Number of protein chains: 2
Amino acid sequence: MNILIIGGGGVVGQKLAHALAAKGTLRGQPIDRLTLADINDPTPVTAPFEVTTARCDIASAASVAEVITQDTDVIYLLAAIVSAHAEEDFDAGMSINLFGTYNVFERCRTLETNPVVVFSSSIAIYGGEVPDPLGDHSYPNPQTSYGGQKAIGEILLNDYSRKGYIDGRGFRLPTISVRPGKPNRAASSFMSSILREPLNGQEAVCPVDPEFLHYYLSPRKCVENLIKGAELDAADLGQNRVMQMPGRTWSIAQLIKAMTAMTGPEAAKLIRWDPQPEIRRIVSGWKWDIHADKAERLGLSADSSFEDNIRYYLEDDKPSA
Amino acid sequence: MNILIIGGGGVVGQKLAHALAAKGTLRGQPIDRLTLADINDPTPVTAPFEVTTARCDIASAASVAEVITQDTDVIYLLAAIVSAHAEEDFDAGMSINLFGTYNVFERCRTLETNPVVVFSSSIAIYGGEVPDPLGDHSYPNPQTSYGGQKAIGEILLNDYSRKGYIDGRGFRLPTISVRPGKPNRAASSFMSSILREPLNGQEAVCPVDPEFLHYYLSPRKCVENLIKGAELDAADLGQNRVMQMPGRTWSIAQLIKAMTAMTGPEAAKLIRWDPQPEIRRIVSGWKWDIHADKAERLGLSADSSFEDNIRYYLEDDKPSA
């Protein structure tokens, strides 16, 4: 079993690599090799199998051909230009999120090896005038280019799978929180930083009201679901290889209440409330009444309370003092 | 008012050109010039304004740049590799239906002229495991590459419109019947030929059962709707620039009954019933419980009976003896 993670240097890619190292198998077979590929050299992980790292720019078909080879069994395609970044730089979003995805699928078609491809889509595909509730059968009417490019990736994944070029599985990731590390250029970045920074004793800015609702999943659960996603039986996937990954809807106030319940009242005092119009404009186009019926039926799951999300951060990610 | 029809040599493109010639105006302004562009030289039409023809291969960005210029006000993008053809030749479908569409929208973005772009999508975007009824808010789960490529075009149209690069309007065309001319490589081709050939005194083959249901529109109504589509006020379009074009659902038996009602019993005797597995496989993945709420609200309309479809063919298209 030879696994490639494209976006292997990112938060989810690194956590997935560690989880695969701990598990040692995928799809019932021992893992022989794991390749972490990213635009910059990813941090290697320690594992009971060979781990290699590679630079890869998926906007280049030649670069993709270097990392996807005849013996690649499973590909995780997690690399993306995130929402606010793709909104500012239309060309960057198109070249990575659309043409990069195409390059990955096209490479698989050329090889004729029908690898398992796990594709991270996003709840950013939802939006606009499509009525709630949203889920597996809702029209993608995103109000960001990132969401549009992910929606296109979904359709490509389905068609390449239907044609037998890949064995694709697409999952619309909820917003991941608490996301470790530094803020990124996702408009949703604050949905982790308002918890992470205070939990680390630092100040953070919240650009929306406490009533703001959104759909969340912890990184730990996300990785569990990505592993289950690769292991699903193709016969159970039906005619739509893309599904909503389970998450849960919480308000900002509920996030903060969970943090307080887990660590006491001091952390919340480090949040500064400062409306930011551009972030508000993007996130107000996002939807939260989201359902993941198909994925739940197939055994994927959400966190049971946001206290769990806080606990996972403290256990897995909080930098030691 | 300077109009470009890409796919101007096709059945709908030619009829649209004639209708524009008869109307003389679009969006309340006199038409100054009409350019018919297609992969082969289109037949010119006689009009009270300048009509030019051009060869254009939308798979080539340079070719697109020759026909879309600073003074192009309205673009009809009707060119496509049709369903059975795109199913046989995956590369051809991708290069015209996906990259060709991208090239057209990208050219508009570069020009910064925000032209009106009327894009023909298709009911082929529907399919798979999405529940009936289908319409403006249904997830595209097509079971053909053609349908997938059209669904991608819809998402691009919406995003380029949202960003202000084009003033896009997308319409999912029902199957056009009675389509004049020769059979084409659409899997739906028989849905016209079983009427057209008998009406012309020739034999035709029907590959499906009389009970087979499908969603239809006459070419005359389609062109009326495409003209209305360009004339809709952008403010009325909302956040989703793509909608179902109204059609009506009929069985093959109802089509034939309408032909008999209009022209007598002889025509139906020219239909030979011959199951064709590949055509059946494709068309059985298509949906027929389709609704066009948004387009109807905006004033677009379907035929009132299939007798009308037959009458329009006899009036507009039947070759003289």
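Keep in mind that this is a model prediction, so the values were computed, not measured.

Secondary structure summary: chain A contains 11 helices and 14 strands in total. Taken against the 2.2 N^0.38 rule, which gives 20 Å for 321 residues, the C-alpha radius of gyration of chain A at 19 Å falls within 12% of a compact globule. Referenced to the eigenvectors of the C-alpha coordinate spread, the extents of chain A come out at roughly 55 × 45 × 35 Å. Long-range contacts, defined as pairs at least 24 residues apart, comprise 76% of the intrachain contacts of chain A with a sequence gap of at least 6.

In this structure, His137 of chain A sits in the loop between β7 (116-122) and α5 (145-162). Overall, the presence of 18 C-beta atoms within 10 Å leaves His137 of chain A in the partly exposed class. With residues near it in sequence (within four places) discarded, His137 of chain A still touches Val130, Pro131, Ser138 and Tyr139 of chain B.

With that settled, the discussion passes to the sheet that holds strand β6 (residues 74-77) of chain B. Residues and elements named next belong to chain B. The seven strands lie next to each other as β5-β4-β1-β6-β7-β8-β12, forming an open sheet whose pairing is parallel. Each edge of the open sheet carries a strand with a single partner, namely β5 (50-55) and β12 (242-244). Within the sheet, the average angular offset between the axes of one strand and its neighbour, ignoring direction, is 20 degrees. Note that strand β8 (residues 167-173) and β12 share three bridges and pair parallel. The partner of Gly170 across the bridge, within β12, is Val242. Across the sheet, helix α5 (residues 145-162) touches β7 (116-122), β8 and β12, and the angle it forms with β7 is around 155 degrees.

Side chains of nonpolar character tend, in soluble globular proteins, to be buried together. Counting 202 residues, the largest nonpolar core has Ile5, Ile6 and Leu77 of chain A together with Ile5, Ile6 and Leu77 of chain B as the members making the most contacts within it. Each of domain 1 (2-173 + 217-244) and domain 2 (187-214 + 248-289 + 303-316) of chain A contributes no fewer than three residues to this core. Setting aside residues up to four positions removed in sequence, Ile5 of chain B forms contacts with Gly13, Leu16, Ala17, Leu36, Ala37, Tyr76 and Leu78 of chain B.

Moving on, we come to the relation of the copies chain A and chain B. Relative to chain B, chain A is turned by 180 degrees and slid 0.0 Å along the rotation axis, the superposed coordinates differing by an RMSD of 0.0 Å. Accordingly, the operation relating the two chain copies is best matched by a two-fold axis. Closest approach to the rotation axis among the C-alpha atoms of chain A is made by Tyr139 of chain A, whose C-alpha sits 2.1 Å away.

Contacts between the two partners involve 23 residues from chain A, matched on the other side by 23 residues from chain B. For the side of chain A that touches chain B, the element with the most residues is α5 of chain A, which contributes eight residues. Each residue belonging to the side of chain A that touches chain B can be placed in one class, and the counts come to eight nonpolar, 11 polar and four charged.

A regular strand places its side chains on the two faces of the sheet in alternate fashion. Residue and element names in this part refer to chain B. Of all six residues in strand β4 (residues 33-38), five are buried, a share of seventy percent or more. Pairing geometry for strand β1 (residues 2-6) and β4, over five bridges, is parallel. Counted as the bridge partner of Leu4 is Thr35 from β4. As paired elements, β4 and β5 share six bridges and run parallel to each other. Within the sheet, the bridge partner assigned to Leu34 lies in β5 and is Val51.

Residues and elements named next belong to chain A. With mixed pairing, the three strands of this open sheet are ordered in space as β9-β11-β13. On the outer flanks of this sheet lie β9 (175-176) and β13 (248-251), each paired with one strand and no other. Sheet analysis places β9 next to strand β11 (residues 213-217), joined by two bridges and oriented parallel. Paired with Ile176 across the two strands is Leu217, which belongs to β11.

Burial runs high along helix α6 (residues 190-199) of chain A: nine of the 10 residues are buried. Restricting attention to buried positions, one finds in α6 of chain A the residues Phe190, Met191, Ser192, Ser193, Ile194, Leu195, Arg196, Pro198 and Leu199 of chain A.

A word on the packing of helix α1 (residues 11-23) of chain A against helix α7 (residues 219-231) of chain A. Residues and elements named next belong to chain A. The N-to-C vectors of α1 and α7 enclose an angle of 65 degrees; their axes lie 9 Å apart at closest approach. In terms of crossing hand, the pair formed by α1 and α7 is right-handed. Counted together, Val11, Val12, Lys15, Leu16 and Ala19 of α1 and Pro219, Cys222, Val223, Leu226 and Ile227 of α7 form the full contact between these two elements.

All names here are of chain A. Structurally, chain A comprises domain 1 (2-173 + 217-244) and domain 2 (187-214 + 248-289 + 303-316). Taken together, the contacts link 17 residues of domain 1 with 12 residues of domain 2. At the level of elements, α3 (83-88) and α7 are the ones that each hand at least two residues to the side of domain 1 that touches domain 2. Of the residues contributing to the side of domain 1 that touches domain 2, the split by class is eight nonpolar, five polar and four charged.

Glancing now at the pairing of β7 of chain B. Residue and element names in this part refer to chain B. With seven of seven residues buried, β7 is to be regarded as a mostly interior element. Strand direction decides the pairing type here: β6 and β7, joined by four bridges, are parallel. Residue pairing across strands places Ile75 opposite Val117, the latter belonging to β7. With seven bridges joining them, β7 and β8 adopt parallel strand pairing. In the sheet register, Val118 faces β8, and the bridge partner there is Arg169. In this region the chain leaves β7, passes through α5 and returns to the parallel neighbour β8; the handedness of that crossover is right-handed.

What counts, and at which threshold
- Residues numbered from 1 in each chain as written.
- Chains lettered and ligands numbered in written order.
- Predicted model: local features only at pLDDT ≥ 70, side-chain atom pairs only at ≥ 80, totals over all residues.
- Helix = DSSP H or I, 4+ residues; strand = E, 2+ residues; numbered from the N terminus.
- Rg over C-alpha atoms; globule rule 2.2 N^0.38 Å.
- Contact = placed C-beta atoms within 7 Å.
- Buried ≥ 20, exposed ≤ 12 C-beta atoms within 10 Å, placed from the backbone.
- Pairing = 2+ DSSP bridges.
- Axes fitted to C-alpha atoms, helices over the stretch in contact; angles between N-to-C directions.
- Core = buried A, V, L, I, M, F, W, Y, C linked by C-beta atoms within 7 Å.
- Domains from an automatic or database assignment.
- Least-squares fit on C-alpha atoms with pLDDT ≥ 70 in both.
- Nonpolar A, V, L, I, M, F, W, Y, C, P; charged D, E, K, R; others polar.
- Left-handed = near helix turned anticlockwise from the far one by under 90°.
- Right-handed = clockwise from strand over helix to strand, strands pointing away.

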